[in-house]
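Commentary on secondary and tertiary structure
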Amino acid sequence: MEATSSDIPLFINGRDIYHDSVFDVVSPGTGEVCWRAVSATIGDATEAVEAAQTAFALWSQTKPSTRAQILYKAADILETNIARHADYMMTEMGADRGTAQYFVTPGAIAACRDIAGRISSVCGSVPAVAREGQSAMVWKEPYGVVLGVVPWNAPYFFGIRSAATAIATGNTTVIKSSEITPRCYYELARVFKEAGLPDGVFNVVACRPQDAPSVVNTMIEHPAVRKVNFTAHPNGIGGKNTAIVLEDADLEKAAEECLAGAFANAGQICMSTDRIAVHESIVSGFTEVLKKHVEKLSQTSSGPPTVSTATSKQRLAKLVTSAIDSGAQLVSGLSSQDTLPGASFVPTILAKVPLHTPLYSEEAFGPLVSISTITTDEEAIKFANSTEYGLHAAVFTKDLRRALAIAKKLDVGAVHINSMTVHDEPTLPMGGVKASGWGRFNAQEGMEEFLTRKAVTWDD
């Protein structure tokens, strides 16, 4: 039985699992229930892990070419049905068509193909050992069952990155999906089944938020689960990302990139630009260019973007109100968004946000960005590093040597020179430092995270 338009099952051992414990999934665009999803019990969680454990024995022995073929086919299926999958994402999390169909889902497809192409490159090594007459090899092997705890804001991309990398390296997986986007993750599992993935290799469970601690802890504590990857906040990937605009920057390009970095996907990206640090000699001119581009965007958009939930909207509104009440200046947007319908939120720019306000230090995770003034490169570096996070940063200048010198001193996982802070592609390792987590997805570094090493020695 496949999921109907109103009921989303769990996906365990290649089967749809239905029972009476369900929760409503509310579309932020309408404020109405779009469908119901089955809420996993502790028993469901255990069953999913045990299904993955059983499947591991055979899957771990499959040839690289077999795994690659399945991943390539999954990417093709996802691409063929891209509009339908984008519809699910738009309904569940309020994403616009451009973000869902032309940004997130194509990124997931590209990532799946990149991972597939790297499978054959996984190999061990033959180091020289100290003892005469002895040789050694180092093998790279899958861990076993890998649990992936994934967020809602780019579901197909996060699902591919977590599940497909585990599968590609010979592991089996259980994905604990976000309760906000359970259909997207369920549909991804169905895509892999259609591509020929054996039952039990890819399992998906969702649950009500109040059940998440017991369900997730049950899986983490299960002896078959050998590795966990977690992308979320707190204690996962998060960011308070800064774009530094120096006095010699191309103001038009900097403004366009900063706005894209701040407002893409309604600012709901871990790499989104939260803060723009502008040299004092150009801050006035840059602000005017920024406002011009905001006006241009408002004329071409069909309306304000929608954030994921009404609760998220209320949190963002509180950040704005608190900052303005403390002396921040409204550059663009609305000081109060109470009259807007549903979870709509007009993109907002503030300036001169006081240090003691929550917005100065907290991740906004919405279409909200602030402008601050800096006078020297050292001050810009200190400002960018004055946060518990360390994910991405951007530097705008015509002097590449200067930008590289600044990049070396920024406590972040990635620096983008003359482009926005939002940059994630399969060939580049993705991850941060400090409270932005540890470990890396993507590229060879991402593959290595899902492999363990075994040293073998022998007498010649």
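Residues numbered from 1 in each chain as written. Predicted model: local features only at pLDDT ≥ 70, side-chain atom pairs only at ≥ 80, totals over all residues. Heavy atoms only, no water.

As named in an unreviewed UniProt entry, the protein is Aldehyde dehydrogenase domain-containing protein, taken from Pseudopithomyces chartarum.

Attention now goes to empty space enclosed by the protein. Enumeration according to the criterion identifies four cavities of 30 Å³ or more in this entry. Computed from the structure, the largest cavity encloses a volume of approximately 70 Å³. Where the lining of the largest cavity is concerned, the elements lending two or more residues are helix H4 (97-118), helix H5 (155-168) and helix H14 (443-448). Per-element tally for the lining of the largest cavity: the top contributor is H4, with four residues. Considering only residue class, the lining of the largest cavity consists of five nonpolar, three polar and three charged. Here the second largest cavity is characterised by a volume of approximately 50 Å³. Considering the residues around the second largest cavity, the lining is formed by Phe11, Gly14, Ala189, Phe192, Lys193, Leu197, Pro198, Asp199, Gly200 and Phe202. Of the residues forming the lining of the second largest cavity, the biggest block, three residues, is contributed by helix H6 (residues 182-194). (1 Å grid on protein atoms, 1.4 Å probe; cavity = no way out; pocket = protein on both sides within 12 Å on 5 of 7 lines; lining within 4 Å. Points joined across faces, edges and corners; volume = space filled by probe spheres on them. Helix = DSSP H or I, 4+ residues; strand = E, 2+ residues; numbered from the N terminus. Nonpolar A, V, L, I, M, F, W, Y, C, P; charged D, E, K, R; others polar.)

To continue, consider the nonpolar core. A general trend in soluble globular proteins is that nonpolar side chains are found buried together. Ranked by size, the top nonpolar core spans 59 residues in total, and within it Leu71, Met89, Ile160, Ile167, Phe192, Leu197 and Phe202 carry the most contacts. With residues near it in sequence (within four places) discarded, Met89 still touches Gly94, Ala95, Thr99, Ala100, Val104, Asn153, Pro155, Tyr156 and Cys184. Ala277, Ala393, Ile406 and Val412 belong to the second largest nonpolar core, which has 30 residues in total. (Core = buried A, V, L, I, M, F, W, Y, C linked by side-chain atoms within 4.5 Å. Buried < 20%, exposed > 50% of the residue type's maximum accessible area, 1.4 Å probe, protein only. Contact = heavy atoms within 4.5 Å.)

For the rest of this paragraph, the subject is the sheet that holds strand E12 (residues 273-279). Spatial ordering of the open sheet is given by E13-E14-E15-E12-E11-E16-E17, a layout of seven strands whose pairing is mixed. The open sheet terminates on both sides in strands that have one partner only, identified here as strand E13 (329-332) and strand E17 (414-417). The average angle at which neighbouring strand axes cross in this sheet is 25°, direction not considered. In terms of strand pairing, strand E16 (residues 392-396) meets E17 through four bridges, oriented parallel. (Pairing = 2+ DSSP bridges. Axes fitted to C-alpha atoms, helices over the stretch in contact; angles between N-to-C directions.)

In this model, Lys434 sits at a positive phi of 55°, which is unusual for a non-glycine residue. Its location among the elements puts Lys434 in the loop between E17 and H14. Exposure remark for Lys434: the relative accessible area of 37% places this residue in the partly exposed category. With a phi angle near 75°, Asn442 is a residue other than glycine that sits in the positive phi range.

All right, on to the packing of aromatic side chains then. Taken as a whole and judged by the stated rule, the model has seven aromatic pairs. Between the aromatic rings of Phe11 and Tyr186, the centroid separation amounts to 6.2 Å while the plane-to-plane angle is 75°, which identifies the pairing as edge-to-face. Of this pair, Phe11 sits in strand E2 (residues 10-12) while Tyr186 is found in helix H6, placing the two residues 175 residues apart along the sequence. Neither Phe11 nor Tyr186 differs from the other in exposure class; each is buried. With centroids separated by 6.1 Å and ring planes inclined at 80°, the aromatic side chains of Tyr360 and Phe383 adopt a geometry described as edge-to-face. Taken together, the residues span a long stretch of sequence, with Tyr360 in helix H11 (residues 358-361) and Phe383 in helix H12 (residues 377-385) at a distance of 23 residues. The two residues Tyr360 and Phe383 agree in class, both being buried. Looking at Arg183, its charged tip hangs above the ring of Trp35, at a distance of 5.0 Å from the centre. (Phe/Tyr/Trp six-rings, centres within 6.5 Å; stacked < 30°, edge-to-face > 60°. Lys NZ or Arg CZ within 6 Å of the ring centre and 35° of its normal.)

Below, the discussion takes up a nonpolar patch on the surface. A contiguous nonpolar patch, built from Ile220, Val228 and Phe230 and spanning about 240 Å² of accessible area, is present on the exposed surface. Mapped onto the secondary structure, Ile220 falls in helix H7 (residues 212-221). (Patch = residues over 30% accessible without salt bridge, like charges linked within 9 Å, V, L, I, M, F, W, Y side chains within 5 Å. Areas by Shrake-Rupley, 256 points an atom, 1.4 Å probe, with all protein chains shown as cover. Salt bridge = Lys/Arg side-chain N within 4 Å of Asp/Glu carboxyl O.)

This next bit is on the state of the cysteines. All chains considered together, the criterion is met by zero disulfides. Just so you know, Cys270 is unpaired, no disulfide at all, and the nearest cysteine sulfur is the one on Cys184, 17 Å from it. Residue classification places Cys270 among the buried residues on the basis of a relative accessible area of 8%. (Disulfide = S-S within 2.5 Å.)

Attention now moves to the packing of helix H2 (residues 64-80) against H6. Across the interface, H2 lies against H6 with an axial gap of 8 Å and an inter-helix angle of 125°. Judged on the interaxial angle alone, H6 and H2 are oblique. H2 and H6 meet at a crossing whose hand is right-handed. Across the interface between the two elements, Leu71, Lys73, Ala74, Ile77 and Leu78 of H2 pack against Leu188, Val191, Phe192 and Glu194 of H6. Looking at the contact of H2 with H6 residue by residue, the classes come out as seven nonpolar, no polar and two charged. (Parallel < 35°, antiparallel > 145°, perpendicular 65-115°, else oblique. Left-handed = near helix turned anticlockwise from the far one by under 90°.)

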